[in-house]
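# Understanding the architecture of this molecule
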Amino acid sequence: MVVVVVVASLALFALLAFGPFSIFYSNPLVTCRQAEQVPQLHFLASRRHRFPATKKGEESCLGDRPLEKDSNAITRGGNYFQSMSMASSSFSGSGNALMWFRKGLRIHDNPALECASRGVTGGGFLYPVFVIDPHYMEPDPRASSPGSSRAGLNRIRFLLESLKDLDLSLRKLGSRLLVMKGEPGEVLINCLKQWKVEKLCFEYDTDPYYQQLDMRVKDYASAARIEVFSPVSHTLFNPADIIQKNGGRPPVSYQSFLKLAGEPSWASSPLMTIFPSLPSVGDVGSSQIVEVPTLEELGYVDIEMELPPFRGGESEGLKRLREAISNEKWVATFEKPKGDPSAFLRPATTTLSPYLKFGCVSSRYFYQCIQDVYTRNKKHTSPPVSLLGQLLWRDFFYTVAFGTPNFDQMRGNKICKQIPWNDNDELLTAWREAKTGYPWIDAIMTQLHKWGWMHHLARHCVACFLTRGDLFVHWEKGRDVFERLLIDSDWAINSGNWMWLSCSSFFYQYNRIYSPISFGKKYDPNGNYIRHFLPILKDMPKEYIYEPWTAPLSVQTKAKCIIGKDYPKPMVSHDSASKDCKQKLAAAYELNKKLNGVVSEEDLKVLQRKLDATCDSVLNPVHSHSSSGAKRQRRS
DNA sequence: AGTACGTTGTCGGG
DNA sequence: CCCGACAACGTACT
């Protein structure tokens, strides 16, 4: 199941993680004609699938090539049944195949499903399985907001909706989704045994959680002589290929990644398939099969939460993709940094990131759709800022993460600067709970709670504020909050972006700090975004809405919002806090340089003590936001 | 050793 | 809207 092992979307993190993808919501300007201008669908049956050349149960440990390069293997209008019978000649036994869904919750461009369908032989059956891990899905009463210990309610809902949609699509093809509960590895191995499965298919996954889980399952399959097919289809490229091309080390800059990556092998091959039907599902024996559960059935009762503007599933994802793509001028001129992070009625990006995260939409199909628009619009933007560039960022982070041990933490991570971040839970909690006293920051964090999604640049602002800009809290802490709450949170992209924003890796210009006051103001001078997500401030005059503590008491009274009572005072003064942060970063960089990146725990402690003495730090405000905030206010 | 470059800073001035 | 100052990092390449 989709348990991500380490709690990690910066969207920018999500970039995608920090949500890189955007789409308009319903765009009334999209016509049917435009919507159809996407690459043609092709029949699955037409393609002769080649099974991996490696031995049974061993292939795919590093992931197979996503698709054969040989486009001759792909012809239109082939005969489904013919190809099935071809496959059957090479098998004997039960002829049963199992398709294990984890991410990749889609029918289109799904090589593992194709292979599973083709792998059914004789009178065999196809078992499409999804395993719900209770740790990932069931309520944790101790969590800081509704949801499980690992996932916020918004992502759990999105996943359930995606499963429901997948089940519906499978049923239309004469199959269904077999939902089971339990520890995924255990459940799956049990299925393989009980159902006499001879072929196991699932999408290859680079996340450490799956690396470990899949190893276990593959070991069992190998011992039981079950054939395993595990294609790379979540990303554009196989991260292992890129790392190999670079002499075994992942590229650490986007530009070098681009050079190594080049064009994907399948760039002009048809990826879309239509299944006329799927092999039927066999007897499930004593296995406990459930319908896709509702939130209530999982134990989420009496929770009042407004619905975020994202419905999960392949159907909705493809609809949004077509809407986004149909606006060709928008696609061709897309420049990520020019988007407006305060736009919420109509976000400035595709908002496809949640769909890419769960694989409801294929990133490869998205890639081809964009290229298709580019062929008709010769003048278009380029990576890193273009729409295509956003997809490549996603692959960039997947590649670096896959090739970097301990990528999701500072310690033991070779590409991560060792910095003496503080471990102050009070600062972290105020940030997480949208109580920093900076309306721009608190509005963004509120959007995170309510929607499970914010614009990429909004993610930048709050990540910078928590780490190198103001609070100097460890980036891993903020990453964990994003990881749980973002619908699109993604292990590689989220940690990558947090390192980026905290100047721990990839980006190092620590003097460039987002102002929690001016940055939002330049996009949204009236503060509409703040008024929407922080209704307590809705009547604050625009002159004060970004800095309500500067409003005269009479104005606060009239706006029915007394600062310090109805809305918090700023927890730190940005001017002095950011100066302290810069000083600390400079000292930490110096130490890293001196020790050539090999900084011990003790070295960091010594530096921290030294910095605490020299900086008027925000690290010890134990008794209060207001008093330390007030103190700082006086100094400035 | 030196140079160019790097998806998305802020502020003040023209 | 664009400019430079601010203060100055690392990576990649020559």
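Residues numbered from 1 in each chain as written. Chains lettered and ligands numbered in written order. Predicted model: local features only at pLDDT ≥ 70, side-chain atom pairs only at ≥ 80, totals over all residues. Heavy atoms only, no water.

### Focus: the protein's contact with DNA strand B
The immediate surroundings of DNA strand B are formed by 19 residues, with Gln-255, Pro-337, His-456, Ser-515 and Ser-518 found nearest. Counting only atoms of DNA strand B within 4 Å of the protein, the sugar-phosphate share comes to 40%. Here a phosphate oxygen of DNA strand B sits 2.5 Å away from a polar atom, N or O, in the main chain of Ser-515. The separation between a phosphate oxygen of DNA strand B and a polar side-chain atom of Lys-522 is 3.3 Å. Every element with two or more residues in the surface near DNA strand B is listed here: helix H14 (387–402), helix H17 (456–469) and helix H20 (518–523). Counted by class, the surface near DNA strand B contains nine nonpolar, seven polar and three charged residues. (Near = heavy atom within 4 Å. Polar contact = N/O pair within 3.5 Å; in protein donor to acceptor, adjacent residues only side chain to side chain. Helix = DSSP H or I, 4+ residues; strand = E, 2+ residues; numbered from the N terminus. Nonpolar A, V, L, I, M, F, W, Y, C, P; charged D, E, K, R; others polar.)

### Comments concerning the sheet that holds strand E4 (residues 178–181)
With respect to topology, five strands assemble into an open sheet ordered E4-E3-E2-E5-E6, the strand pairing being parallel. Each edge of the sheet is formed by a strand with only one pairing partner; in this case those strands are E4 and strand E6 (227–229). Across the sheet, the axes of successive neighbouring strands diverge by a mean angle of 30 degrees, strand direction being ignored. Note: strand E2 (residues 96–101) against strand E5 (residues 197–201), four bridges, orientation parallel. In the strand pairing of E5, Asn-96 is matched with Val-197. (Pairing = 2+ DSSP bridges. Axes fitted to C-alpha atoms, helices over the stretch in contact; angles between N-to-C directions.)

### Looking at the packing of helix H16 (residues 439–451) against helix H18 (residues 475–485)
Here H16 crosses H18 at 35 degrees, and the two axes come no closer than 9 Å. The segment H16 lies against H18, with Met-445, Leu-448 and His-449 engaging Val-481, Phe-482 and Leu-485. The residue makeup of the contact of H16 with H18, split by class, is five nonpolar, one polar and no charged. (Contact = heavy atoms within 4.5 Å.)

### Remarks on the pairing of strand E3 (residues 126–132)
Along a regular strand, successive side chains alternate from one face of the sheet to the other. Most of E3 is tucked away, with seven of its seven residues classed as buried. When E2 meets E3, the two strands line up parallel, connected through five bridges. Note that in E3 the partner of Phe-101 across the bridge is Phe-130. In this structure, E3 lies alongside E4, joined through four bridges in parallel fashion. Across the sheet, Ile-132 pairs through a bridge with Lys-181, a residue of E4. (Buried < 20%, exposed > 50% of the residue type's maximum accessible area, 1.4 Å probe, protein only.)

### Side note on unusual backbone geometry
Following Pro-383, the chain continues to Pro-384 via a peptide bond in cis, the omega torsion being 5 degrees. Its identity as a non-glycine residue notwithstanding, Lys-196 has a phi of 50 degrees, on the positive side. Residue placement: Lys-196 occurs in the loop between helix H6 (184–194) and E5. Taking the relative accessible area as the measure of exposure, Lys-196 reaches 58% and is therefore exposed. Even without a glycine there, the phi angle at Thr-351 is positive, about 55 degrees. For Thr-351, the location among the structural elements is in the loop between helix H11 (328–333) and helix H12 (353–357).

As far as function goes, none of this settles anything; it's purely spatial.
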